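Working through the structure, step by step
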Amino acid sequence: MPTVSAHVAHTLAQHIDAVFGVMGNGNAYFLDAIETQTDAVFTAVRHEQGAVVAADAHFRASGRIAAGTSTYGAGFTNTLTALAEAVQAHVPLVLVVGDEPTSGPRPWDVDQIALASAVGARTYTVGRADAAATTVIAIEHALTYRVPVVLAIPYDVAALEAGAAPEAPAPRLPAPLAPRGEFADGTLGEIAAALAEASRPFLLAGRGAWLAGAGEALGELARLTGALTASSALGRGVFPESQYDLGVTGGFGADGAMELVRSADVAVVFGASLNQFTMRFGELFAPGTRVFQVDIAPAATHPHVGGFVRADARLAAEELVTRVGSASPSAPWRETVDVAAARAYDEGDDLAADGRLDPRSAARRIAELLPRDRVVVSDGGHFIGWANMYWPVAAPDRMMMVGTAFQSIGQGWPSVVGAALARRESTVVLTSGDGGGLMAIADLESAVRAAQGRGIAVIWNDAAYGAEVNLYGLKGLAEGPMRIPEVDFAAFGAAVGAEGVVVKSLADLDRLAAWAQEDAATRRFLLLDLRISGDVIAPYQQEIIRVNS
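The rules behind each value
Residues numbered from 1 in each chain as written. Predicted model: local features only at pLDDT ≥ 70, side-chain atom pairs only at ≥ 80, totals over all residues. Heavy atoms only, no water. Pairing = 2+ DSSP bridges. Helix = DSSP H or I, 4+ residues; strand = E, 2+ residues; numbered from the N terminus. Axes fitted to C-alpha atoms, helices over the stretch in contact; angles between N-to-C directions. Contact = heavy atoms within 4.5 Å. Phe/Tyr/Trp six-rings, centres within 6.5 Å; stacked < 30°, edge-to-face > 60°. Buried < 20%, exposed > 50% of the residue type's maximum accessible area, 1.4 Å probe, protein only. Parallel < 35°, antiparallel > 145°, perpendicular 65-115°, else oblique. Left-handed = near helix turned anticlockwise from the far one by under 90°. Expected span 1.5 Å × (residues − 1). Arc of directions from axis to C-beta. Polar contact = N/O pair within 3.5 Å; in protein donor to acceptor, adjacent residues only side chain to side chain. Nonpolar A, V, L, I, M, F, W, Y, C, P; charged D, E, K, R; others polar. Right-handed = clockwise from strand over helix to strand, strands pointing away. Salt bridge = Lys/Arg side-chain N within 4 Å of Asp/Glu carboxyl O.

1. Some points on the sheet that holds strand S11 (residues 290-295)
Strand order across the open sheet formed by six strands is S9-S8-S7-S10-S11-S12, with parallel pairing between neighbours. The sheet is open, and its two borders are formed by strand S9 (245-248) and strand S12 (307-310), each paired with just one other strand. In this sheet, neighbouring strand axes are inclined to one another by 15° on average, regardless of whether the strands run parallel or antiparallel. Examined bridge by bridge, strand S7 (residues 201-205) and strand S8 (residues 228-231) share four bridges and lie parallel to one another. For Leu-203, the partnering residue across the bridge sits in S8 and is Thr-229. This element, helix H8 (residues 181-197), spans S7, strand S10 (266-270), S11 and S12 of the sheet and lies at about 125° to S12.

Dropping the structure here:
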């Protein structure tokens with residue numbers, strides 16, 4: 001007879017085709033059912049944090065919700081940092097875990113519901129009679145509120161016979177949020193008039209605009225108004241006409257592009273939270289710029305916003321296209337500026353003054369060699385500036401930074417696992433530092449196994465926690481705790497079946513050029529161990545130093 005765990009697995013598999021995790025006592029029956037009774041694909045990782053990270057990256061790369069799984073106790077507590085990241089980043093996923101028996105906690109049990117709640121995740125606990133229905137409720141909650149949820153199976157319930165699995169309804173999802181009320185109507189009219197009258201209109205879009213499917217409408221609005229465009233770090237590629245796009249705003253943006261943004265007289269922001277990094281710590285727009293925001297948040301997310309409409313980005317953009325009308329400006333701003341020149345970054349030197357590789361020139365050369373059909377996944381650390389500046393991607397679901405929402409590191413390797421399963425034809429490129437790379441080293445093996453010849457890892461190896469050296473070493477604090485003995489990541493990769501290459505000069509990157517031409521079915525995962533200089537500080541980090549000095 002089917003068990004409670006089988007009810008969970010069967011129901012979950014109707015809506016989720018990928019499960020990532022580590023097997024243990026608490027989820028053994030669930031994983032047995034997933035493996036033997038459903039078509040869902042289970043991919044093992046080596047640390048429970050990686051289970052959540054992989055499910056997170058899978059959603060970001062594909063838009064399809066995935067599941068992670070762990071046992072109870074220590075297995076569950078290992079997931080908490082990644083769970084907090086998914087909460088902060090508004091990523092829906094389901095974490096299936098074992099839990100204490102219904103008879104009460106054992107000596108090694110902890111209050112998992114309280115721990116999940118502390119990082120912002122809700123827990124649903126299944127019983128013998130309601131496992132299928134509770135699973136649907138958990139999925140519906142995750143998709144409706146764009147958050148991770150925990151689905152707990154008590155230890156003494158997991159193997160109970162539960163009869164035939166009942167038919168469970170599909171999750172019911174809310175319709176896109178339409179602008180409502182006189183205030184929204186009036187503000188949309190004000191935005192349309194401001195764009196029509198602007199000399200230098202500017203549109204900024206974030207990940208929320210991508211999730212809403214607003215790209216086409218935003219492109220039409222930019223065309224009608226002659227606006228220049230740009231995106232947040234998580235929204236790059238959302239505008240269809242790249243020749244008029246200034247790239248990413250904030251510290252990842254090119255100086256010339258940010259000067260153009262600052263000269264805008266009207267700016268309209270769609271689906272971007274306007275955090276301190278996107279806003280360049282409040283200096284993205286000039287004091288005279290009229291700033292409007294469209295978002296599903298309850299209220300404007302930055303004090304510089306002068307007019308706010310709570311609405312789905314696509315619906316609002318389509319309404320603004322209608323209100324602006326077909327009359328295009330006689331001399332569109334975007335036709336009068338050299339966008340390509342404004343987007344140019346410093347090319348750097350072959351080697352920095354200390355004789356180590358200049359990360360700017362390395363990033364530029366790697367960009368020339370990477371396959372065009374690529375998905376870039378990023379760990380956290382000082383190095384995040386290089387990929388974000390020099391490696392353009394085609395759409396927001398092709399560049400993901402798992403960890404930055406919660407300001408964590410060590411989530412890079414398992415991100416490869418989720419992205420590789422979500423994008424089976426694309427090359428998955430990890431960008432990571434030596435600090436984060438070592439923190440998550442257990443899942444180097446998982447990344448190599450999952451991506452195989454479609455995977456590349458670029459480790460920016462400066463033998464340090466670079467962000468801390470830049471922020472606190474420059475203040476005179478002791479640097480001993482900030483330094484890392486130089487690690488041979490190429491050897492680490494070789495130990496688990498990858499091809500490892502130590503890169504000390506730009507010529508060493510010729511191996512990437514040859515690798516890119518080889519058959520993905522026969523080549524190995526490529527790990528590039530870049531021995532870079534820590535003396536070259538990324539522009540976004542220079543902003544942080546300035547603000548904190």
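2. Things to note about the side chain of Ser-415
Take Ser-415: it is sitting in helix H16 (residues 412-422). If we ignore the near neighbours within four places in the chain, the residues touching Ser-415 are Val-53, Ala-57, Val-377 and Val-402.

3. So, the packing of aromatic side chains
The final tally for this structure, using the stated rule, is seven aromatic pairs. Ring geometry for Phe-252 and Tyr-540: centres 5.3 Å apart, planes at 70°, overall edge-to-face. Within this pair, whereas Phe-252 is found in the loop between S9 and helix H11 (255-262), its partner Tyr-540 is found in helix H22 (residues 539-548), the two being separated by 288 residues in sequence. Relative accessible area serves as the criterion here: at 9%, Phe-252 is assigned to the buried category. Taking the centre distance of 5.8 Å and the plane angle of 80° together, the rings of Phe-277 and Phe-281 count as edge-to-face.

4. Brief notes about the packing of H16 against helix H18 (residues 444-451)
Describing two packed helices takes the angle between their axes plus the distance from one axis to the other. Relative orientation of the contacting elements H16 and H18 amounts to 20°, with a least axis distance of 7 Å. Comparing their axes, H18 and H16 come out roughly parallel. The two elements H16 and H18 cross, and the hand of that crossing is left-handed. For the pair H16 and H18, contact is made by Trp-413, Val-416, Val-417 and Ala-420 and by Leu-444, Ser-446, Ala-447, Ala-450 and Ala-451, respectively.

5. Looking at helix H12 (residues 313-324)
Between its first and last C-alpha atoms H12 spans 16 Å; for 12 residues at 1.5 Å apiece the expected length is 16 Å, and the two agree. Those residues of H12 not exposed but buried are Ala-313, Ala-316, Ala-317, Leu-320, Val-321 and Val-324. Summarising the axial view, the buried residues of H12 lie within an arc of 145°, below the 170-degree limit, and thus occupy one face. Buried residues along H12 sit against H8, helix H9 (207-211), helix H10 (215-225), S10 and S11. Its side-chain oxygen at 3.0 Å from the backbone nitrogen of Arg-314, Asp-312 defines the N-terminal cap of H12. Where H12 terminates, the next one or two residues include Gly-325, which has phi positive at roughly 85°.

6. Examining the packing of helix H19 (residues 466-473) against H22
Contact pair H19 / H22: the axes reach a minimum separation of 10 Å and the direction vectors enclose 30°. With respect to the hand of their crossing, H19 and H22 are arranged in right-handed fashion. Where H19 abuts H22, its residues Gly-466, Ala-467, Asn-470 and Leu-471 lie against Gln-541, Ile-544 and Ile-545. Looking at the contact of H19 with H22 residue by residue, the class counts come to four nonpolar, three polar and no charged.

7. Quick word on unusual backbone geometry
Of note in the backbone geometry, Arg-146 takes a positive phi value of approximately 55° without being a glycine. By relative accessible area, which is 28% here, Arg-146 ends up partly exposed. Phi is positive for Phe-281, close to 55°, though the residue is something other than glycine. Looking at Phe-281, the relative accessible area reads 23%, which means it is partly exposed.

8. Let's talk about the pairing of S7
Most of S7 is tucked away, with five of its five residues classed as buried. On S7, burial covers both faces: Pro-201, Leu-203 and Ala-205 on one face and Phe-202 and Leu-204 on the other are all buried. Strand direction decides the pairing type here: S7 and S10, joined by five bridges, are parallel. Its bridge partner being in S10, Leu-204 is matched across the sheet by Val-269.

9. Brief notes about the pairing of strand S2 (residues 41-44)
Looking at chain direction, strand S1 (residues 18-21) and S2 are connected through four bridges and run parallel. From the neighbouring strand, Gly-21 faces S2, where its bridge partner is Ala-44. Taken together, S1, helix H2 (residues 28-37) and S2 form a β-α-β motif whose crossover is right-handed.

10. A word on the sheet that holds strand S5 (residues 122-125)
Here we have six strands laid out as an open sheet, ordered S2-S1-S3-S4-S6-S5, and parallel in their pairing. Edge positions in the sheet fall to S2 and S5, since each has one partner strand and no second. The mean inter-strand angle of the sheet, taken between neighbouring strand axes irrespective of direction, is 25°. With four bridges connecting them, strand S3 (residues 67-70) and strand S4 (residues 93-99) associate as parallel partners. Directly across from Gly-68, in S4, lies its bridge partner Leu-95. Running at roughly 165° to S1, H16 makes contact with S1 and S2 of the sheet.

11. Describing the pattern of salt bridges
Scanning all chains against the criterion turns up 27 salt bridges. Asp-510 is paired through a salt bridge with Arg-365; the nearest N and O atoms lie 4.0 Å apart. With a gap of 145 residues between them, Asp-510 in helix H21 (residues 510-517) and Arg-365 in helix H14 (residues 359-369) connect regions that are remote in the sequence. Judged by its relative accessible area of 44%, Asp-510 is partly exposed. If you follow the salt bridges from partner to partner, you end up with Arg-356, Glu-486, Asp-488, Asp-529 and Arg-531 in one network.

Just distances and angles here, no functional claims.
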